[in-house]
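Okay, here's what each chain looks like letter by letter:
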Amino acid sequence: MIRTFTLSIASALLLAAGAPAAARGDRDQDNLRDAAAQGQVIPLNRLIADVKSRAPYNDMTYLGGPQFDAKRMIYALKFMDGSQVVVVYVDARTGRIVGRKP
C-alpha cells in the first residue's frame, strides 16, 4: 500500500513538473506558426528541403524531430552521416545555416 502511494505521488510530481515545459512548447509552436503565416519565418518543410538539397547534407539522411529555439529563432535539424549524428543549426527567418555540430 505504501509502495503504491509512493509511486502515485512520484508520478504526480513528474507530471506536474513536465506540464509547464509542455505548455511553453505549445506556445512556442503557436508563435512559430503565426510568424510563418505572416511571412516572418520560413516554413519548416521549406527549410528542411533547402538544407537537404545542399552539399554535404544531400548525401546524409535527415532524422526528423527538429528542435526550435524560440528566443534565437534557430532550428536544430539532425542528419545521419555514416554512423555520426550531425546537428545543423538554421536561422528560421533567413534559412541561413548558422552552425553545425560536429
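Notes on the structure follow.

1. Considerations on the nonpolar core
(1) Moving on: With 18 residues, the main nonpolar core has Val 51, Tyr 57, Leu 77, Phe 79 and Val 88 as its most contacted residues.
(2) Moving on: Every residue in contact with Phe 79, bar those within four places of it in the chain, is listed here: Val 51, Lys 52, Tyr 57, Met 60, Thr 61, Tyr 62, Leu 63, Gln 84, Val 85, Val 86 and Val 88.

2. A short note on the side chain of Asp 91
(1) Moving on: Residue placement: Asp 91 occurs in strand E4 (residues 84-91).
(2) Moving on: Using a relative accessible area of 9% as the deciding quantity, one classes Asp 91 as buried.
(3) Moving on: Ignoring any residue separated from it by four or fewer positions in sequence, one finds Asp 91 in contact with Leu 47, Met 73, Ile 74, Arg 96 and Val 98.

3. Quick word on unusual backbone geometry
(1) Moving on: Cis geometry marks the peptide bond from Ala 55 to Pro 56, where omega comes out at 0°.
(2) Moving on: Mapping Pro 56 onto the fold places it in the loop between helix H2 (44-52) and strand E1 (61-62).
(3) Moving on: For Met 73, which is not glycine, the phi dihedral falls at a positive 60°.
(4) Moving on: Inspection of the secondary structure assignment puts Met 73 in the loop between strand E2 (67-69) and strand E3 (74-81).

4. Some points on the environment of Gln 84
(1) Moving on: Here Gln 84 shows up in strand E4.
(2) Moving on: Residue class for Gln 84 comes out partly exposed when judged on its relative accessible area of 40%.
(3) Moving on: Between the C-alpha atoms of Gln 84 and Pro 102, which are 18 residues apart in sequence, the distance is 8.8 Å.
(4) Moving on: Residue contacts for Gln 84: discarding those within four places in its chain leaves Phe 79 and Pro 102.

Conventions and cut-offs
- As a convention, each chain's residues are numbered from 1 in the sequence order in which they are written.
- Local features are withheld for residues below a pLDDT of 70 in this predicted model, meaning they are given only at 70 or higher, and side-chain atom pairs are given and counted only at 80 or more; totals for whole chains, interfaces and linings count all residues.
- Computation of side-chain values: all heavy atoms of the structure, hydrogens and water removed.
- Throughout, nonpolar core names a set of buried Ala, Val, Leu, Ile, Met, Phe, Trp, Tyr and Cys residues whose side chains join them through atoms within 4.5 Å.
- The rule is simple: take the accessible area with a 1.4 Å probe, protein chains only, and divide by the maximum for that residue type; under 20% is buried, over 50% is exposed, in between is partly exposed.
- Residue contacts are counted whenever heavy atoms from the two residues lie within 4.5 Å of one another.
- Helical segments are the DSSP runs of H or I of at least four residues, strand segments are the runs of E of at least two, and each set is numbered from the N terminus.

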